[in-house]
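What the coordinates show
So the chains spell out like this:
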Amino acid sequence: WVPVLVGEEAVARHGHPLPQESVRQLQEIGLALKGPLIVEKLKGRVVCTHADGSEHVYPSLNNALRRELRLFVNPRPLRGMGALSGRWADLDVVIMREVTEDVYAGLERTVEGDRAEAIKLTTRSAVLRVARYSFDFARKNGRRRVTCAHKANVLALTDGLFLNCCREVAAEFPDIAFDDCMIDAAAYALVKTPGRFDVIVTSNQYGDILSDLGAGLVGSLGLAPGANIGEASAMFEASHGAAPDIAGKGIANPIALILSGALLLRHAGRAAEAARVERAVRAVVMEGKILTPDLGGNATTDELTAAICAQVRDSKAGRVSDPPSKPAVAHLKSPGGQLTPVSA
């Protein structure tokens, strides 16, 4: 483990939330597991100055990390957890969120004192890249369908470009079904008929919102892992943000970050270990005895973590049989660019 400072600790030591030394470390290592970061409302903008003197302004620290590391897609798997997920127990969808553009590019300005504008940036190259990643992921993982979520009926130029690029890529993958859905209708369908979706590819803001909705259906944001994949680096993080209101109480749900660690393991070629962690999490959650308050229990963070660790050890020792399950997320690009199939 190599600790890399970002956020408040980086400010305390280097005077900047994302010093270029931290960026270089992350680029050299190539893999990172990131804890949630606090981003204050109306104060999130980050200016990064590079060695050549150039500057780039980012709307948030999370955005700065992704952009500085040249990460382009944020896969967020959402999978039901038995009785805890109720009618969404069988939910099994992966949201592919493009993370370099859209309104989250932070291209906004104030016009006089009572008007502000933001640019919704959409480029052909970025959409083709995330679309090809999504279809390749679907093919390698036995996923049957890719759905483009958009609002092209209103935003005919930006979302229209996104949709047309996805259609173009779909023609390259005749073995994968393709359809599209308005983002508001997609939110409705995810709640009412979640089996309609398999892989959803969408733009930055839509993907951010839709994945939080899906996490709520599963049972908690504390169950939602995430990855950020680029050509040379990858960063793994829980889909949720920080929760300063419960800091120090020992009741935060660690599962999203643990499952993000499993995604990191798989990305690094440790498929068996990744699957073992995922099985351990599912076993503990579906047993329902040791759960944090957000899941309806009264266990502490440490107690839930210890229960999952015990399941991992028992599984490794062969004392626990693997429960039947659908294939979990696999085929995230490894540092060598290879794709290795795995089932959980």
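As the structure is a prediction and not an experimental result, all values here were calculated from the model.

Right, let's get into the overall build of the protein chain. The helix and strand inventory of the protein chain stands at 10 helices and 12 strands. A compact globule built from 344 residues should have a C-alpha radius of gyration of about 20 Å, and the protein chain, at 20 Å, falls within 12% of that. C-alpha extents for the protein chain along the principal axes are approximately 65 × 50 × 40 Å. Per-residue burial for the protein chain yields a buried fraction of 50% across its 344 residues. In the protein chain, of all internal contacts separated by at least 6 residues, the share reaching a separation of at least 24 is 68%. Placing the 40 positive and 39 negative side-chain charges of the protein chain at their respective mean positions leaves the two points 5 Å apart.

Our focus in this paragraph is the packing of aromatic side chains. Within the structure shown, the criterion is met by three aromatic pairs. On the numbers, 6.0 Å between centres and 85° between planes, the contact of Phe72 with Tyr133 is edge-to-face. Of the two residues, Phe72 is situated in strand β4 (residues 71-79) and Tyr133 in helix α4 (residues 124-140); the sequence distance between them amounts to 61 residues. With a relative accessible area of 2%, Phe72 lands in the buried category. Look at Tyr133 and you get buried, because its relative accessible area is 6%. By the ring-pair criterion, three or more aromatic residues cluster together here, those being Phe135, Phe173 and Phe178.

For helix α5 (residues 158-170), built from 13 residues, the straight-helix expectation of 18 Å at 1.5 Å per residue is met to within 8% by its first-to-last C-alpha distance of 19 Å. Every buried residue of α5 is listed here: Thr158, Asp159, Gly160, Phe162, Leu163, Cys165, Cys166, Val169 and Ala170. The elements touched by buried residues of α5 are α4, β8 (145-150), β9 (177-182), β10 (199-202) and α7 (204-218).

The biggest cluster of nonpolar side chains holds 32 residues, and the ones touching the most others in it are Leu78, Leu91 and Ile255. Mapped onto this core, the elements with two or more residues apiece are β5 (92-98), α6 (183-192), α7, α8 (255-267), α9 (271-287) and α10 (301-316). In this structure, Leu91 is in contact with Leu78, Arg79, Gly80, Leu190, Pro194, Gly214, Leu217 and Val218, ignoring residues within four places of it in sequence.

Let us now look at the pairing of β4. Most of β4 is tucked away, with nine of its nine residues classed as buried. Direction of pairing for β4 relative to strand β11 (residues 225-230): antiparallel, over a ladder of two bridges. Counterpart to Leu71 in the pairing with β11 is Gly230. The sheet contact formed by β4 and β5 spans seven bridges and is antiparallel. For Arg79, the partnering residue across the bridge sits in β5 and is Asp92.

Moving on, we get to the packing of α8 against α9. In contact at an axis separation of 7 Å, α8 and α9 are set at 160° when each is read in the N-to-C sense. Classed by the angle they form, the pair α8 and α9 counts as roughly antiparallel. Handedness of the α8/α9 crossing: left-handed. Seen from α8, the contacting residues are Ile255, Ile258, Leu259, Ala262, Leu263, Leu265 and Arg266; seen from α9, they are Ala271, Glu273, Ala274, Ala275, Val277, Glu278, Val281 and Val285.

In this fold, Ala187 is placed in helix α6. Between the C-alpha atoms of Ala187 and Leu213, which are 26 residues apart in sequence, the distance is 7.6 Å. Not counting residues up to four positions away in its chain, the partners in contact with Ala187 are Leu210 and Leu213.

Rules used throughout
Each chain has its residues counted from 1, running along the sequence as written. The predicted nature of this model means local features are confined to residues of pLDDT at least 70 and side-chain atom pairs, given and counted, to a pLDDT of 80 or more, with totals for whole chains, interfaces and linings taken over all residues. Heavy atoms from the whole structure form the basis of all side-chain values; hydrogens and water molecules are not counted. Runs of H or I in DSSP of at least four residues are treated as helices and runs of E of at least two as strands, each being numbered from the N terminus. The reference for a compact globule is 2.2 Å times residues^0.38; the radius of gyration itself is calculated from the C-alpha atoms. Working definition: with a 1.4 Å probe on protein chains only, accessible area under 20% of the residue-type maximum means buried, over 50% means exposed, and in between means partly exposed. Contacts are assigned to residue pairs with any non-hydrogen atoms lying within 4.5 Å of each other. Positive: Lys, Arg. Negative: Asp, Glu. His and the chain ends are not part of the count. In plain terms, the charge of a residue is placed at NZ if it is Lys, CZ if Arg, CG if Asp and CD if Glu. The aromatic pairing rule takes the rings of Phe, Tyr and Trp, using the six-membered ring of Trp, and pairs them if the centres are within 6.5 Å, calling planes under 30 degrees apart stacked, those over 60 edge-to-face and the rest tilted. The span one expects for a helix is its residue count, reduced by one, times 1.5 Å. Residues enter a nonpolar core if they are buried and are Ala, Val, Leu, Ile, Met, Phe, Trp, Tyr or Cys, with the set joined through side-chain atoms within 4.5 Å. Each pair of strands is called paired provided DSSP finds at least two bridges between the two strands. For helices, the axis comes from a line fit to the C-alpha atoms of the stretch in contact; other axes are also lines fit to C-alpha atoms, and the angle between any two N-to-C directions lies between 0 and 180 degrees. Roughly parallel refers to an angle under 35 degrees, roughly antiparallel to one over 145, roughly perpendicular to one between 65 and 115, and oblique to any angle outside these ranges. For a crossing to be left-handed, the near helix must be turned anticlockwise from the far one by less than a right angle; the clockwise case is right-handed.

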